[in-house]
Amino acid sequence: MRAIITGASSGIGAALAHELARRGWTLGLLARRADLLDALVRELPAKSVALPCDVTDAAAVREAVKRGEEALGGPFDLAVANAGVSVPSHAAKFKLADAELMTRVNILGMFHLFDAVIPSMIERRSGRFAGIASIAGLRGLPTSSVYSATKAAMQAFLEASRVELRPYGVGVTTVNPGFVITPMTEKNRFKMPFLMTAEEAARIIADGLERGARVVEFPLPTSLLMRMARFLPDAVWDRATGGYSKRKVDSEKAKR
Ligand SMILES: NC(=O)c1ccc[n+]([C@@H]2O[C@H](COP(=O)([O-])OP(=O)(O)OC[C@H]3O[C@@H](n4cnc5c(N)ncnc54)[C@H](OP(=O)(O)O)[C@@H]3O)[C@@H](O)[C@H]2O)c1
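Structural notes, computed from the coordinates. For clarity, every value in this text was computed on a predicted model and none was experimentally measured.

Rules used throughout
Residues numbered from 1 in each chain as written. Predicted model: local features only at pLDDT ≥ 70, side-chain atom pairs only at ≥ 80, totals over all residues. Heavy atoms only, no water. Helix = DSSP H or I, 4+ residues; strand = E, 2+ residues; numbered from the N terminus. Rg over C-alpha atoms; globule rule 2.2 N^0.38 Å. Buried < 20%, exposed > 50% of the residue type's maximum accessible area, 1.4 Å probe, protein only. Pairing = 2+ DSSP bridges. Axes fitted to C-alpha atoms, helices over the stretch in contact; angles between N-to-C directions. Contact = heavy atoms within 4.5 Å. Core = buried A, V, L, I, M, F, W, Y, C linked by side-chain atoms within 4.5 Å. Near = heavy atom within 4 Å. Polar contact = N/O pair within 3.5 Å; in protein donor to acceptor, adjacent residues only side chain to side chain. Phe/Tyr/Trp six-rings, centres within 6.5 Å; stacked < 30°, edge-to-face > 60°. Expected span 1.5 Å × (residues − 1).

**Observations concerning the overall build of the protein**
Line of reasoning, step 1. The helix and strand inventory of the protein stands at 8 helices and 9 strands.
Line of reasoning, step 2. On C-alpha atoms alone, the protein measures out to a radius of gyration of 18 Å, which is about the 18 Å that the 2.2 N^0.38 rule sets for 256 residues.
Line of reasoning, step 3. Expressed as lengths along the three principal axes of its C-alpha atoms, the size of the protein is roughly 55 × 40 × 30 Å.
Line of reasoning, step 4. Evaluated residue by residue, the protein yields a buried proportion of 52% over its 256 residues.

**So, the sheet that holds strand 6 (residues 171-177)**
Line of reasoning, step 1. Strands sit in the order 3-2-1-4-5-6-9 across an open sheet of 7 strands; the sheet is parallel. Single-partner strands in this sheet number two, and they are strand 3 (48-52) and strand 9 (215-218). Here the average twist between neighbouring strands, direction ignored, is 15°.
Line of reasoning, step 2. Alignment of strand 6 against strand 9, held across 4 bridges, turns out to be parallel. Paired with Asn176 across the two strands is Glu217, which belongs to strand 9.
Line of reasoning, step 3. The strands that helix 2 (residues 34-43) touches are strand 2 (26-31) and strand 3; relative to strand 3, the one it contacts most, it runs at about 175°.
Line of reasoning, step 4. Contacting strand 4 (78-81), strand 5 (128-132), strand 6 and strand 9, helix 6 (residues 198-210) crosses the sheet at an angle of about 160° to strand 9.

**Remarks on the nonpolar core**
Soluble, globular proteins show a tendency: their nonpolar side chains are buried together.
Line of reasoning, step 1. Core analysis: the largest hydrophobic core is formed by 42 residues, its most contacted members being Ile4, Val65, Leu113, Val117, Ile118 and Phe129.
Line of reasoning, step 2. Counting only elements with at least two residues in this core, the list comes to strand 3, helix 3 (58-72), strand 4, helix 4 (96-124), helix 5 (145-165) and helix 7 (220-229).
Line of reasoning, step 3. Here this core takes 10 residues from helix 4, the largest share from any one element.
Line of reasoning, step 4. Ignoring any residue separated from it by four or fewer positions in sequence, one finds Ile118 in contact with Phe129, Leu165 and Val170.
Line of reasoning, step 5. Listed in part, the 35 residues of the second largest apolar core include Ile5, Leu27, Leu78 and Val180.

**Points about the site of the ligand**
Line of reasoning, step 1. Taken together, 29 residues lie around the ligand, and Ser10, Arg32, Tyr147, Val180 and Thr182 are the ones closest in.
Line of reasoning, step 2. Between Gly11 and the ligand, the recorded distance is 3.5 Å, taken from a backbone N or O atom to an oxygen atom.
Line of reasoning, step 3. Between the ligand and the protein, one listed contact pairs an oxygen atom with a backbone N or O atom of Ile12 at 2.8 Å.
Line of reasoning, step 4. Taken together, the elements giving at least two residues each to the shell around the ligand come down to helix 1 (11-22) and helix 5.

**Quick word on the packing of aromatic side chains**
Line of reasoning, step 1. Under the definition given, this model contains 4 aromatic pairs.
Line of reasoning, step 2. Between Phe114 and Phe129, the aromatic rings sit 5.0 Å apart at their centres with planes inclined by 80°, giving edge-to-face as the arrangement. Linking Phe114 in helix 4 with Phe129 in strand 5, this pair joins segments that are 15 residues apart in sequence. In this pair, the class of Phe114 matches that of Phe129, namely buried.
Line of reasoning, step 3. Taken together, Phe111, Phe114, Phe129 and Phe157 form an aromatic cluster joined through their ring pairs.

**Notes on helix 1**
Line of reasoning, step 1. Given a rise of 1.5 Å per residue, 12 residues ought to cover 16 Å, and the 17 Å separating the end C-alpha atoms of helix 1 matches this to within 8%.
Line of reasoning, step 2. Buried residues dominate helix 1, accounting for 10 of its 12 residues.
Line of reasoning, step 3. Of all the residues in helix 1, the buried ones are Gly11, Ile12, Gly13, Ala14, Ala15, Leu16, Ala17, Glu19, Leu20 and Ala21.
Line of reasoning, step 4. Among the residues trailing helix 1, Gly24 stands out with phi positive, at a value near 95°.

Below is the structure:
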C-alpha cells in the first residue's frame, strides 16, 4: 500500500511517516526542505521517495504526486494533507500576509493534494484522503483566530467530501489533534494542556486511518472539553476565553 504525506519533513508528518513505514506502507514524502526528506528516506524501514515541493503551488503538487507514483510503482492508496503553518494572530494587530500564508498552506495546500489524487481514487473506486485539521477548528480561539478559521474550513470541506465520495468507494478522514510536541508548538510560552508526543499522535492517527475512521480526535480530555465548549452560550465562551488574548508565544520561532 502506498501513502503520500505532505509536511513530512518534521513534527507529526515525519512521525506518521515512521509509523506507516513500520506498518509496511511505502511512502511519498512531500515538503519544501529536501535535505530533511532525504534524511527521512534513509531512516525509514520501508521504500520511500522524497518529493520536495511547495503545497501552495498546485502544478508542483500534481507533478510531485506523479513522480511519487512512478517511483513507487502505482497510484497512492492514502493521501494525508498534513502540511500546515500556525502564526499567532490578533484582530487588533491583523497582518494580512500572515493570514494569506496560513490560508494558502493550510486550506489551499489541502485542496492541491485533493486535486492531484482524488480523480485516480474515484476511477479505481478505492483510496482514502485525510486532512490534519485541529481541535482548534472546533471554535474560534483568541490569538489563533486565523489558524482556527483555516482548520474549521478544512473540517467543513472534509466532512462534506466524506459524504460526497462515499458512493465512489473513496474514504475521507478528518484528523483533529490537540497539542502535540513539534516545532510548531515550540514557540508557545503558555501551558499546553494534555500535551503529547508526535510519536503517540502518529500511532493514533495511523490506527484511525487503517480502520477507516471518519474522524480521529485526540487526546480524549481535550476533545471532550472542546466538544462541550461548542455548546457554551457565546457570552460564557467570551468570558472563559478572554484571558487567552494574552497568551504568550516566542515571536522568533512563530514564523518558521
Ligand atoms: N503540533 C500541534 O499541536 C498540532 C495540533 C493540531 C494540529 N496540528 C496540525 O498538524 C500539522 C503538522 O504540524 P506540526 O505540528 O507537525 O508542525 P511542523 O513540525 O511545523 O510541521 C509542519 C510541516 O508542514 C510543512 N510545510 C509548511 N509549509 C509548507 C509548504 N508551503 N509546502 C510544503 N510543506 C509545508 C513543513 O515542511 P517544510 O518547512 O519542509 O516545507 C513541515 O513538514 C499541521 O497541519 C498543524 O496545523 C498540529
